[in-house]
Each structure stands twice: as structure tokens, then as C-alpha cells.
Amino acid sequence: MPESVRLRELIEDNTGPAAPELVVKGPNDAVRCLACGHRCHIPVGHAGVCRVRFNRRGELRVPFGYVSGLQIDPIEKKPFYHAFPGRDALSFGMLGCDFHCGYCQNWVTSQALRDDRAGTRVSGYSPDELADLAVEHDVPVIVSTYNEPLITADWAVCVFEAGRRRGLRCGFVSNGNATPEVLAYIRPYVELYKVDLKSFDDKHYRKLGGVLQNVLDSIGRLKEMGFWLEIVTLVVPTFNDSDDELGQMARFIAGVSPDIPWHVTAFHPDYKMTDPPRTPAATLFRAYDIGRAAGLRYVYAGNLAGGVDHREHTPCPRCGQVLIRRRGFYVEENRMKGDACSFCGESIAGVWEADPPRQSRGDGWPRAIR
Ligand code: SF4
């Protein structure tokens, strides 16, 4: 039996009704899904673009009650650099995606149902069990990641409700193809939001399965709605690494807010995109300089741990002192004082703890669960 057929059966067995906020009923029992920017019109018996939300006899059924990836990662891996530095995040994912990026590093889960080579085991969990695991492992943050969390937002909100009852903080690691409706739906639970800004060329976005303007609109909206937002651009040689395109991205982000951290990270050949070479450090340095010249206060070069010099540290934008010194995902030293620079008192944008760990625990990542 092809893997996609086996997974289709498995997914159909692990669903619940969509949150009422994320569905509109139409004529002939068709539904419109509002969970991502595709806004799929789904007739009875069909699924949306993501293939995991489908219309069963006039009801939009959505993924529920399982995870396909579950581990404890450093929060810097998400990456969030200005939220709980040095802490870990309980990270869970499900299956499927609304995009089909040729370089996806999580394609085994994200492209399940679209690619017979993809496919992975899933495990049944309740929201309370997941939240209890975070508490048991002394992890302050839960993050929906590995696949696109917008398409499984209903499940994430149930997990996050359980997490919030236990005092946990919650985040999305997302492609940003959101709708105003889904952002309003998750806002009471989600505080941290990472968006991939993959290109500033709509033709490139269409190849990946998205629309540039949807992502730009989401970035502006996330900021307006008060999410803590960090943006990542995987810099792929010959795809999005021209000065012109990097400059457009940097100026757009700075126009939304110069306090948004911009992570420019190194590509390595993966999945279907095996032609471009690995991103050289010099390209990340150029992207870093472009971001800083555009007015961004916090630009980080990633995926080349230890090979980017000061570009993975957090500087104070006023006095220039290094406040958080990192090597890859590892915080070597945190000299923040609450939400401010300990040298000059400048306020630093982010979600900070009054008494943070001064360095990462780093006792073996990822820490597998059970
Ligand atoms: S989550 Fe997006 S792709 Fe999936 S059914 Fe809804 S609108 Fe379509």
C-alpha cells in the first residue's frame, strides 16, 4: 500500500471538527476553510490544498489527537533569540503543509500525503498529556513546529489551552500564510510567532505554493496584534541571495519595526533542491550588512555555528555591549538585566525573564520524549 494511502487512512481516523472560527458553510454542504491564506473552498468528499483538512458530509474535519514529531529543543533552534534565551521548548508537529518548498528540511512530515517517499510514525496524545510533559521536563515554552501550524491551529489551541493553565508560554513556527481570522483565533494563546520570509519575489513564492502579499500582510498584522515576532530568511544561492532582493526584504521588515529580529540562515541542499551549493559564510555576512544598513537593530546569521563571529550575538543598540553571546543554539553568556541592557539600561525588545539562566543548560539536544 503506498505510504500516502496509509497516511490518509491514519489521518482520517485522527480528526475532530474544525473550530467554528475557522470555517464558513456554503451551498451544497461545501465549506470554506479560513485557517490559512489559501482559503480553500472544499466540496463534500474533498480535502484542501494542505490535504489534512477535509469535508466529510458537510463538516470540515481537521487533524486532532496526535503528534508526528515531539522533542525538547533549545528555543534558539526555533529560532527565537529574543524570547526566553537559554531555555528549552517542547516542540511538537503534525503532518502536512499548505506549501511545497523544494528545500524543506522537514519534508518527511510536511509533505506527507503529497509525496510517497514522505511519511513517519505518529503517536496519540491528549492536550493535557503534552502540557504535562512540558512541566515534567521543566520547559517553560510549548511550540507548534515541524509542519505548518496554521493548518493544525485547532489542535494547537487545545494544547496551548492546557499549557496556559499550567503557566506555560506558547509559540508558532510558521510560513506566515495566515488569515486575519486565524490570527484572531490563536491570539489569546500564542505569544511567540516566527515567520519565514522566503523571498521578495512573488514568482518565487508561487513556485513554493504561496503568495508573497499574504505573507507580507501577515507580518504587518502580527506586529499590530502584539505577537512577539521574529523573521527568518533561508538564504539560498541563486534563489534569493541578490543584494536587491535581500535589501527589499530588510527594508520591508525595518518598515514594520526595526526591533524585529531578522535571522539570515545558511541553506544546505535538501529534498528536491540539490543544485544550489551550500550558502557560504560571506553571503550571510553580506545579508547581515544589508539588514543592518536598512536599520534593523538585530540581525543574526544562522546555521553556521561558530563561523559567523559576532553575528550570532545580541548587541545593545545603544551602547554596543554584547548582551547575549551565542554559539549556534547555545547561549554562552546572558548579560541582560530583565528586559534591559545591564550596562546602559536601554530597553531591548523581546519577551524576557526577570531572572534568566545565564547560559544554556545544553544537556544533550534534542532530548527525545519517552
Ligand atoms: S488550512 Fe489552508 S490549505 Fe488547508 S484546507 Fe484550510 S485553507 Fe486550504
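Further up the page is the structure itself.
Engineer: Could you clarify how one ought to interpret the overall build of the chain in this entry?
Structural biologist: Across its full length, the chain holds 9 helices and 22 strands. For the C-alpha atoms alone, the extent of the chain along its principal axes is close to 65 × 45 × 35 Å. Buried positions account for 58% of the 370 residues belonging to the chain. For the chain, long-range pairs separated by at least 24 residues make up 67% of all intrachain contacts whose partners lie at least 6 apart in sequence.

Engineer: Mind showing me how you'd approach the packing of aromatic side chains here?
Structural biologist: Two aromatic rings are characterised by how far apart their centres lie and by the angle between their planes. Counted by the stated rule, this structure contains 8 aromatic pairs. For the pair Tyr 81 and Tyr 300, a centre-to-centre distance of 4.7 Å together with 65° between the ring planes defines the contact as edge-to-face. Placement of the pair is Tyr 81 in the loop between strand 8 (69-74) and strand 9 (88-93) and Tyr 300 in strand 16 (residues 299-302), with a sequence separation of 219 residues. Pair check on accessibility: Tyr 81 and Tyr 300 agree, each one buried. Between Phe 160 and Phe 172, the ring centres sit 6.1 Å apart and the planes meet at 55°, which makes this aromatic pair tilted. Placement of Phe 160 in helix 4 (residues 153-165) and of Phe 172 in strand 12 (residues 169-174) is noted, with a sequence separation of 12 residues between them. Accessibility classification places Phe 160 together with Phe 172 in one group, the buried group. An aromatic cluster is present here, built from Phe 92, Phe 160, Phe 172, Tyr 193 and Phe 227 joined pairwise through their rings. Across from the ring centre of Tyr 300, 5.2 Å away, lies the NZ or CZ of Arg 326, which sits over that ring.

Engineer: Explain the pattern of salt bridges to me, please; I cannot follow it from the model alone.
Structural biologist: Any two side chains of opposite charge can pair, on the condition that their charged atoms come close. Tallied over the entire structure, the rule returns 18 salt bridges. Between Lys 77 and Asp 73 there is a salt bridge, with the nearest N and O atoms lying 3.7 Å from each other. Residue classification places Lys 77 among the partly exposed residues on the basis of a relative accessible area of 35%. Residues Asp 73 and Lys 78 are paired through a salt bridge, measuring 2.8 Å at the closest nitrogen-oxygen approach. Since its relative accessible area comes to 0%, Asp 73 is described here as buried. Residue Lys 78 is classed as buried on the basis of its relative accessible area of 6%. Each of Asp 128, Asp 132, Arg 165 and Arg 166 takes part in a single network of salt bridges with overlapping partners.

Engineer: What am I meant to see in the sheet that holds strand 3 (residues 31-33) here?
Structural biologist: Picture the strands of a sheet paired through backbone hydrogen bonds; they go either parallel or antiparallel. Spatial ordering of the open sheet is given by 2-3-4, a layout of 3 strands whose pairing is antiparallel. Strands at the two margins of the open sheet, each flanked by one partner only, are strand 2 (23-25) and strand 4 (41-42).

Engineer: What is the right way to read the nonpolar core from this model?
Structural biologist: For soluble globular proteins, the rule of thumb is that nonpolar side chains tend to be buried together. One finds Phe 92, Phe 160, Phe 172, Ile 186, Tyr 193, Leu 197 and Trp 262 to be the most contacted residues of the largest nonpolar core, which totals 90 residues. Look past the residues within four positions of Trp 262 in its chain and what remains in contact with it is Ile 231, Thr 233, Leu 246, Met 249, Ala 250, Ile 253, Ala 287, Gly 291, Leu 296, Tyr 298, Val 299 and Tyr 300. Judged by nonpolar contacts, the second largest core, of 12 residues, contains Ile 75, Val 141, Val 143 and Val 173.

Engineer: I keep staring at the pairing of strand 12 and nothing clicks. Help me out?
Structural biologist: Strand 12 sits mainly inside the fold: 5 of its 6 residues count as buried. Direction of pairing for strand 11 (residues 141-144) relative to strand 12: parallel, over a ladder of 4 bridges. In the strand pairing of strand 12, Ile 142 is matched with Cys 170. For the handedness criterion, the β-α-β arrangement of strand 12, helix 5 (residues 180-186) and strand 13 (residues 192-196) is classed as right-handed.

Engineer: I tried to follow the sheet that holds strand 5 (residues 54-56) on my own but got confused; where do I start?
Structural biologist: Strands sit in the order 1-6-5 across an open sheet of 3 strands; the sheet is antiparallel. Here the strands that pair on one side only, and so sit at the sheet edges, are strand 1 (15-17) and strand 5. Strand-to-strand twist in this sheet, taken as the mean axis angle between neighbours without regard to direction, amounts to 45°. By the bridge criterion, 3 bridges tie strand 5 to strand 6 (residues 59-63) in an arrangement that is antiparallel. Along strand 6, the bridge assignment pairs Arg 56 with Glu 59.

Engineer: I tried to follow the site of the ligand on my own but got confused; where do I start?
Structural biologist: Lining the immediate environment of the ligand, one finds Cys 33, Ala 35, Cys 36, His 38, Arg 39, Cys 40, Ile 42, Gly 48, Val 49, Cys 50, Arg 53 and Ile 151. Residue composition of the shell around the ligand, grouped by class: 8 nonpolar, 2 polar and 2 charged.

Engineer: What is the right way to look at helix 8 (residues 243-256) in this model?
Structural biologist: Note: α-helices contain 3.6 residues per turn, so residues at a spacing of three or four share the same orientation. Between its terminal C-alpha atoms helix 8 stretches 20 Å, which fits the 20 Å expected from 14 residues at 1.5 Å a residue. Listing the buried residues of helix 8 in full gives Glu 245, Leu 246, Gly 247, Met 249, Ala 250, Ile 253 and Ala 254. Of the surrounding secondary structure, the elements contacted by the buried residues of helix 8 are helix 6 (202-208), strand 14 (228-235), strand 15 (262-266) and helix 9 (281-293).

Engineer: I'm lost on the environment of Arg 297 in this one. Help?
Structural biologist: Structurally, the position occupied by Arg 297 is in the loop between helix 9 and strand 16. The spatial distance from the C-alpha of Arg 297 to the C-alpha of Arg 251 is 12 Å, given a sequence separation of 46 residues. Filtering out sequence-adjacent residues up to four positions away, Arg 297 remains in contact with Pro 258, Asp 259, Arg 292, Pro 315 and Pro 317. A distance of 2.6 Å separates the side chain of Arg 297 from the side chain of Asp 259, its partner in a polar contact.

Engineer: Before we go on, may I ask you to explain the packing of helix 8 against helix 9 in this structure?
Structural biologist: If you want to describe how two helices pack, look at the angle between their axes and the distance between the axes. As a packed pair, helix 8 and helix 9 sit with axes 9 Å apart at the nearest point and diverge in direction by 40°. Classified by the angle their axes make, helix 8 and helix 9 are oblique. In terms of crossing hand, the pair formed by helix 8 and helix 9 is right-handed. Facing helix 8, whose interface residues are Asp 243, Leu 246, Gly 247 and Ala 250, helix 9 presents Arg 286, Ala 287, Ile 290 and Gly 291. Taken together, the residues of the contact of helix 8 with helix 9 break down into 4 nonpolar, 2 polar and 2 charged.

Cut-offs used in this document
- Residues numbered from 1 in each chain as written.
- Predicted model: local features only at pLDDT ≥ 70, side-chain atom pairs only at ≥ 80, totals over all residues.
- Heavy atoms only, no water.
- Helix = DSSP H or I, 4+ residues; strand = E, 2+ residues; numbered from the N terminus.
- Buried < 20%, exposed > 50% of the residue type's maximum accessible area, 1.4 Å probe, protein only.
- Contact = heavy atoms within 4.5 Å.
- Phe/Tyr/Trp six-rings, centres within 6.5 Å; stacked < 30°, edge-to-face > 60°.
- Lys NZ or Arg CZ within 6 Å of the ring centre and 35° of its normal.
- Salt bridge = Lys/Arg side-chain N within 4 Å of Asp/Glu carboxyl O.
- Pairing = 2+ DSSP bridges.
- Core = buried A, V, L, I, M, F, W, Y, C linked by side-chain atoms within 4.5 Å.
- Right-handed = clockwise from strand over helix to strand, strands pointing away.
- Axes fitted to C-alpha atoms, helices over the stretch in contact; angles between N-to-C directions.
- Near = heavy atom within 4 Å.
- Nonpolar A, V, L, I, M, F, W, Y, C, P; charged D, E, K, R; others polar.
- Expected span 1.5 Å × (residues − 1).
- Polar contact = N/O pair within 3.5 Å; in protein donor to acceptor, adjacent residues only side chain to side chain.
- Parallel < 35°, antiparallel > 145°, perpendicular 65-115°, else oblique.
- Left-handed = near helix turned anticlockwise from the far one by under 90°.

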